[in-house]
Amino acid sequence: FGGYSCEDGRDVMVHLFEWKWSDIASNCHRLAQLGYCAVQVSPPHEHAVYANNDPPYPWWQRYQPVSYIVTSRSGDEAAFQNMVSTCNAAGVKIYVDTVINHMTAGGSGTGSAGSSWNGGDDYTNIGQDYPSVPFGPGDFNGADNCPSSSGNIDDYQNVDQVRNCRLVGLRDLRLGDDYPRDMVRGYMQKVIDWGVAGFRIDAAKHMWPGDLGSIYGGLSGSPFIYQEVIDQGGEPITAGEYTSMGRVTEFKYGLSLSDCVRAANGQKLAYLSNFGEDWGFIGGLSAVVFVDNHDNQRGHGGGGGVLTHKEPRDYKVANAFMLAWPYGYPRVMSSYSFENADAGPPSDGSGNTNDVQCFDGDWVCEHEWRQIHNMVGLHNAAVGEPVANWWDNGNMAIAFSRGAKAFVFINKEEFSVTQTFQTGLPAGEYCDVISCDGNLPPCTGGECLGSISVDDAGTATVTISNTDTDPIRAYHV
Ligand code: ARE
Ligand code: CA
């Protein structure tokens, strides 16, 4: 479940957070051209709708399932199926964000597909009712196996609480039993049969590894599975408990990388020379890596401290390093702008999500930034090549090659740095893909700074000024 296959040497996924299925479908050809292997889509199941929340229709309503009918804020079942088949035809895979640990919060209402729901009692498991699955009170964990007095997770040091009690009040499914397992497995199998290639397993920390193993083991079609386990140390549940069943999101990665780029918390770029397992991360072949995600870019999910699109210069540096460095399966974030951390995507007053218009001020589309998508191209060109020719100045300037395929130089000093490097590259002329659109002459499409001529010995002299728009140069065959 932890292996993935991509078409045409593409090796990076993008999270198109809160995009509608119709917009993803019409972008898949473009995503393929930019080098993306796969799209992580927002949860497609029926979800709670909070019209009276302040702000109305928060993004997180989609993490509260009402049923496994595939009608959500992003579109209905026909639109979802059309997206999957259109993207598959373009060679771009679809990964579904899969919320199977729980259903809604307390209260009651009508879901995005029109189904009624009732979260039942706050302290017992009386009254839960999700008729469109159907789930009833007996399908939820309760006082017999959740050892907290509130019924919620009050102590992350208590493994039984974390897995059997309610995550922020969300009604927790009894996945030790066959029937709830069969229902969630049926949902997963349904979308596999429609052509979905993989799953992000939401809140995997809150489910027993054995229960997940049983759910995955009953699936046919060899999906790629990556599991959300926030392991930043200090808790009894670790990412390593899940790596035998699929990949795991490595949350230490983005925070540590952001610290290095900012020279924060005693970190510096020079320390990145062994970034990966030596830093206490899970094995690279088990990891999904990212600078920020939809939670921690807005202070949810152990958030705070990671770089986001709100600090574009440093964010581009962090993404450039992630995409140039051979550890983990990288995920690029694509966001909408927000002030309120609960605000849903750009939409009309009834919560109907707007069509995506990249760069219109609402849809940030980091995956379309030249400095990011051209590094996706570099990543793909360098797959399988080891890091070589590491250079640093002991502080905030670094450079390295990827075998004989790619070379990257970053200078976050407060002064200009000029250096003659062994680039590892074959002799020839190269354009900088951070400031240009092509990698080989003629260098066109952007500002085109710092094109280089690599001599027969593989060396070239490169300068990055501290006043450059982007303090990165990147070259590849
Ligand atoms: C919303 C409201 C809550 C309210 C609840 C029920 O915000 O105030 O109590 O509804 O009414 C998302 C949002 C939540 C939201 C939820 C449901 O982030 O705010 O709750 O949707 O609508 C833990 C989990 C981790 C989880 C994070 C958020 O371990 O799995 O919390 N991340 C995933 C998704 C989220 C999503 C959910 C799970 C739920 O990525 O987007 O929640 O489906 C330490 C621990 C971490 C812990 C973290 C935060 O770092 O180590 O394990 O993460 O603290 O508590
Ligand atoms: Ca649970």
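Below: a short report on this structure. What you see is a predicted model, and the numbers here were worked out from it, not measured in a lab.

The rules behind the values
Residues numbered from 1 in each chain as written. Chains lettered and ligands numbered in written order. Predicted model: local features only at pLDDT ≥ 70, side-chain atom pairs only at ≥ 80, totals over all residues. Heavy atoms only, no water. Helix = DSSP H or I, 4+ residues; strand = E, 2+ residues; numbered from the N terminus. Contact = heavy atoms within 4.5 Å. Expected span 1.5 Å × (residues − 1). Buried < 20%, exposed > 50% of the residue type's maximum accessible area, 1.4 Å probe, protein only. Near = heavy atom within 4 Å. Polar contact = N/O pair within 3.5 Å; in protein donor to acceptor, adjacent residues only side chain to side chain. Areas by Shrake-Rupley, 256 points an atom, 1.4 Å probe, with all protein chains shown as cover. Nonpolar A, V, L, I, M, F, W, Y, C, P; charged D, E, K, R; others polar. Pairing = 2+ DSSP bridges. Core = buried A, V, L, I, M, F, W, Y, C linked by side-chain atoms within 4.5 Å. Phe/Tyr/Trp six-rings, centres within 6.5 Å; stacked < 30°, edge-to-face > 60°. Lys NZ or Arg CZ within 6 Å of the ring centre and 35° of its normal. Axes fitted to C-alpha atoms, helices over the stretch in contact; angles between N-to-C directions. Parallel < 35°, antiparallel > 145°, perpendicular 65-115°, else oblique. Left-handed = near helix turned anticlockwise from the far one by under 90°. Right-handed = clockwise from strand over helix to strand, strands pointing away.

For the rest of this paragraph, the subject is the environment of T353. Tracing the sequence through the fold places T353 in the loop between β12 (329-334) and α8 (370-381). Not counting residues up to four positions away in its chain, the partners in contact with T353 are E18, K20, R73, P345, P346, S347 and W363.

For helix α6 (residues 251-262), which comprises 12 residues, the first-to-last C-alpha distance of 18 Å matches the rise-based estimate of 16 Å (1.5 Å per residue) to within 8%. Across the 12 residues that make up α6, a large majority, 9, are buried. Among all positions in α6, only F251, Y253, G254, S256, L257, S258, D259, C260 and V261 are buried. Taken together, the buried residues of α6 touch β10 (247-249), β11 (287-289) and α7 (312-324).

For ligand 1, the set of nearby residues contains 23 residues, the closest of which are W60, K205, H206, E235 and D295. W60 places a main-chain nitrogen or oxygen 2.6 Å from an oxygen atom of ligand 1. In the environment of ligand 1, an oxygen atom lies 2.5 Å from a nitrogen or oxygen atom belonging to the side chain of E235. In the complex, 77% of the free accessible area of ligand 1, which totals 940 Å², lies under the protein chains. Among the residues forming the shell around ligand 1, the class breakdown is 10 nonpolar, 7 polar and 6 charged.

The subject of this paragraph is the pairing of strand β13 (residues 387-392). As defined by bridge partners, β13 adjoins strand β14 (residues 397-402) across 4 bridges and the pair is classed as antiparallel. Residue pairing for β14: W391 is matched across the bridge by A399.

By the secondary structure assignment, S465 is in the loop between β19 (459-464) and β20 (472-476). For the pair S465 and D11, spaced 454 residues apart in sequence, the C-alpha separation works out to 31 Å. Apart from the residues within four sequence positions on either side, S465 is in contact with R313 and S416. Here T467 takes part through its side chain, which lies 2.8 Å from a polar atom of the side chain of S465.

Let's shift gears to the nonpolar core. If you look at the biggest cluster of nonpolar residues, it comprises 115 residues, and the most contacted ones within it are I24, M83, L257 and M375. At 8 residues, the largest contribution of residues to this core is made by α7. Dropping the residues within four chain positions of it, I24 is found in contact with L16, W19, V39, V41, M83, C87 and I94. Listed in part, the 15 residues of the second largest apolar core include F409, V417, I452 and A460.

Working definition: an aromatic ring pair is given by the centre-to-centre distance plus the angle between the planes. If you walk through the whole model with that rule in mind, you get 41 aromatic pairs. Ring centres of W390 and F400 lie 5.7 Å apart, and the angle between their planes is 15 degrees; this geometry places the pair in the stacked category. Separated by 10 residues along the polypeptide, W390 in strand β13 and F400 in strand β14 bring together distant segments of the chain. Here the aromatic cluster, defined as three or more aromatic residues joined through ring pairs, consists of Y253, F275, W279, F281, F321, W325, Y327, W390 and F400. If you follow R298 out to its NZ or CZ, it ends over the ring of F338, 4.1 Å from the centre. Just above the ring of F338 sits the side chain of K310; from NZ or CZ to the centre is 4.0 Å.

Our focus in this paragraph is the sheet that holds β13. Ordered by their spatial adjacency, 4 strands build an open sheet running β13-β14-β15-β20, and the pairing between neighbours is antiparallel. In the strand order of this sheet, the two ends are held by β13 and β20, each with one partner. Going from strand to strand, the sheet's axes swing by 5 degrees on average, the running direction of each strand aside. As paired elements, β14 and strand β15 (residues 406-411) share 6 bridges and run antiparallel to each other. Within β15, the position partnered with A399 by the bridge is F409. Here α7 sits on the sheet and contacts β14, β15 and β20; the angle it forms with β14, its principal contact strand, is near 30 degrees.

In this section: the sheet that holds strand β9 (residues 224-227). Pairing is parallel in the closed barrel, where 8 strands are placed in the order β1-β2-β5-β8-β9-β10-β11-β12. Going across the sheet, the axis of each strand differs from the next one's by a mean of 30 degrees, ignoring polarity. Two elements, β9 and β10, share 2 bridges in a ladder whose sense is parallel. Its bridge partner lying in β10, Y226 is registered against R247. Strands β1 (13-16), β2 (38-41) and β5 (93-98) of the sheet are contacted by helix α1 (residues 21-34), whose axis makes an angle of about 160 degrees with β2.

Here we come to the side chain of H367. Counting through the fold element by element, H367 comes out in the loop between β12 and α8. There is a polar contact of 2.9 Å between the side chain of H367 and the side chain of S334. Apart from residues lying up to four places away in sequence, H367 is in contact with V14, L16, W19, L31, L34, Y36, V332, M333, S334, C358, I372 and H373.

All right, on to the environment of N164 then. Along the chain, N164 turns up in helix α3 (residues 159-164). As a C-alpha pair, N164 and S148 span 16 residues in sequence and 9.4 Å in three-dimensional space. What N164 contacts, discounting residues up to four positions off in sequence, is N141, N145, C146, D172 and W208. One polar contact links the side chain of N164 to the main-chain carbonyl oxygen of N145, over a distance of 3.0 Å.

Once that is clear, we can look at the packing of α1 against helix α2 (residues 77-89). Relative orientation of the contacting elements α1 and α2 amounts to 15 degrees, with a least axis distance of 8 Å. Comparing their axes, α2 and α1 come out roughly parallel. Seen along the crossing, α1 lies across α2 with a hand that is left-handed. Contact with α1, carried on its side by W21, I24, A25 and C28, involves A79, F80, N82, M83, T86 and C87 of α2 and no other residues of that element. Of the residues in the contact of α1 with α2, the class split is 8 nonpolar, 2 polar and no charged.

What follows deals with the pairing of β2. The alternating pattern of β2 places A38 and Q40 and V39 and V41 on opposite faces, both of which are buried. With 3 bridges connecting them, β1 and β2 associate as parallel partners. Directly across from M13, in β2, lies its bridge partner A38. Each parallel crossover has a hand, and the one from β1 via α1 to β2 is right-handed. Here β2 pairs with β5 via 4 bridges, running parallel. The partner of Q40 across the bridge, within β5, is Y95.

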